Amino acid sequence: MTHLRHAADRTETLRTPDGAELRMHVRGPDRALRTVVLAHGWGFTSDTWSAQASRLASGSGGALRVVRWDQRGHGGSGRGTAPITTDLLAGDLALVIAEAAAEGPVVLGGHSLGGAAVTALAAARPELFGDRVSGVLLAAATAGGLDTTGPEFPLPERAGGAAVGTVMRTLRAAPGPVEAVRRLAAPHSALWRAAVRRGFFGPDARVADVAACAQQLHAVPADVLGEHHAALIGHDVRDRLDALRGVPVTVLAGGQDRMIGPSHAGELLRALPGARMRTVERAGHMLPVEAPEEVSALLAELCGVELAPL
């Protein structure tokens, strides 16, 4: 049985070299068998991993410790002063590992933007993967190739990519007017929730999950959304993933994902021929929220731990 003091999050703050204060949530014993470090996606918060934090910490009988944090400018974390790149986010991930998982092996879970941070870390710090990082889950993730504006893409994809790019540049350049418009669509409004459901979820999405994610996305400042989107578009480490070939990797995709489509999972598998592929056919982009038990089970498997039945 998990001791009561390990059954709830302990909130900690980590300060980065450029002054960003990252809010971390830690659950489970300090001397766990493994630490699971979870990085969330673009526009959301570490709350998207709350089901996994609860399930892994309580269901493992104290074998696992779970650490999740809000990315820069998201949730309770500050923006800092450094330009936003996936290399910077990878550096944040390395700091979180060093601070909150100082000893023992670590399993990383990256969703969307968090997956880009994980792959950027593998490219920049390959020495961490092996004895230190012993397993990786990449959920709705990419190692690069999100920019569809090049001439090699069909015209509809180029047009779509250009339109999204224009919107994101506006978020970065004129956040004030954008925020004024955003305030007209309250996070609890039917219009906003419908847009979030359409963009991020599959057909079986639960109303409460859509509402929670709609509120998270609405709370992230416009310029932060634009900056992190530019980082994602510029992210490309597809030829620098050798470090991930030395550890077990599971690639998880949503069959209805409109944000990062199945082709990106295919590219990861081509780069990592030893990786295991799993698809949740009726899920969209928000896999930790839409398929909480399946995601928890995959993380537990990477940890070599069998979770107690619900």
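Our structure's up above, just so we're on the same page.
Now for a look at the structure at hand. Source: prediction; values computed, not measured.

Conventions used here
Residues numbered from 1 in each chain as written. Predicted model: local features only at pLDDT ≥ 70, side-chain atom pairs only at ≥ 80, totals over all residues. Heavy atoms only, no water. Salt bridge = Lys/Arg side-chain N within 4 Å of Asp/Glu carboxyl O. Buried < 20%, exposed > 50% of the residue type's maximum accessible area, 1.4 Å probe, protein only. Axes fitted to C-alpha atoms, helices over the stretch in contact; angles between N-to-C directions. Helix = DSSP H or I, 4+ residues; strand = E, 2+ residues; numbered from the N terminus. Parallel < 35°, antiparallel > 145°, perpendicular 65-115°, else oblique. Contact = heavy atoms within 4.5 Å. Phe/Tyr/Trp six-rings, centres within 6.5 Å; stacked < 30°, edge-to-face > 60°. Core = buried A, V, L, I, M, F, W, Y, C linked by side-chain atoms within 4.5 Å.

## Considering the pattern of salt bridges
Then, number 1: Under the definition given, this model contains 19 salt bridges.
Then, number 2: Across the pair R15 and E21 runs a salt bridge whose closest N-O atoms are separated by 3.2 Å.
Then, number 3: Among the salt bridges present, the one from R245 reaches D242, with a minimum N-O distance of 3.3 Å.
Then, number 4: Classification of D242 by relative accessible area gives exposed; the value is 52%.
Then, number 5: A cluster of three or more residues bridged by salt bridges with shared partners is formed by D9, R27, D47 and R68.

## A closer look at the packing of helix α2 (residues 86–100) against helix α3 (residues 113–124)
Then, number 1: Where α2 contacts α3, the two axes come as close as 8 Å, and the packing angle between them is 80°. Considering their axes alone, α2 and α3 lie roughly perpendicular with respect to each other. Judged by residue contacts, T86, D87, L89, A90, L93, A94 and I97 of α2 engage L113, A116, A117, V118, A120 and L121 from α3.

## A word on the packing of aromatic side chains
For any pair of aromatic rings, the description consists of the separation of the ring centres together with the inter-plane angle of the planes.
Then, number 1: Inspection of the entire model under this criterion finds 1 aromatic pair.
Then, number 2: Relative to F200, the ring of F44 has its centre 5.1 Å away and its plane inclined at 85°; by these criteria the two rings are edge-to-face. Residue F44 is found in the loop between β3 (34–39) and α1 (50–59), and its partner F200 is found in helix α6 (residues 190–200); the two are separated by 156 residues along the sequence.
Then, number 3: Note on F44: relative accessible area 1%, which makes it buried.
Then, number 4: On the basis of relative accessibility, which here comes to 7%, the residue F200 falls in the buried class.

## As for the environment of E152
Then, number 1: Mapped onto the elements of the fold, E152 is located in the loop between β6 (133–139) and α4 (155–173).
Then, number 2: Each C-alpha atom of the pair E152 and G78 lies 38 Å from the other, and the pair is 74 residues apart in sequence.

## Describing the nonpolar core
Then, number 1: Membership of the largest hydrophobic core comes to 43 residues, with the highest contact counts inside it found for V37, L108, L121, F129, V136, L244 and V249.
Then, number 2: The element contributing the most residues to this core is α2, with 6 residues.
Then, number 3: Once residues within four sequence positions are removed from consideration, V37 is found in contact with V67, W69, L93, V96, I97, V106, V107, L108 and G109.

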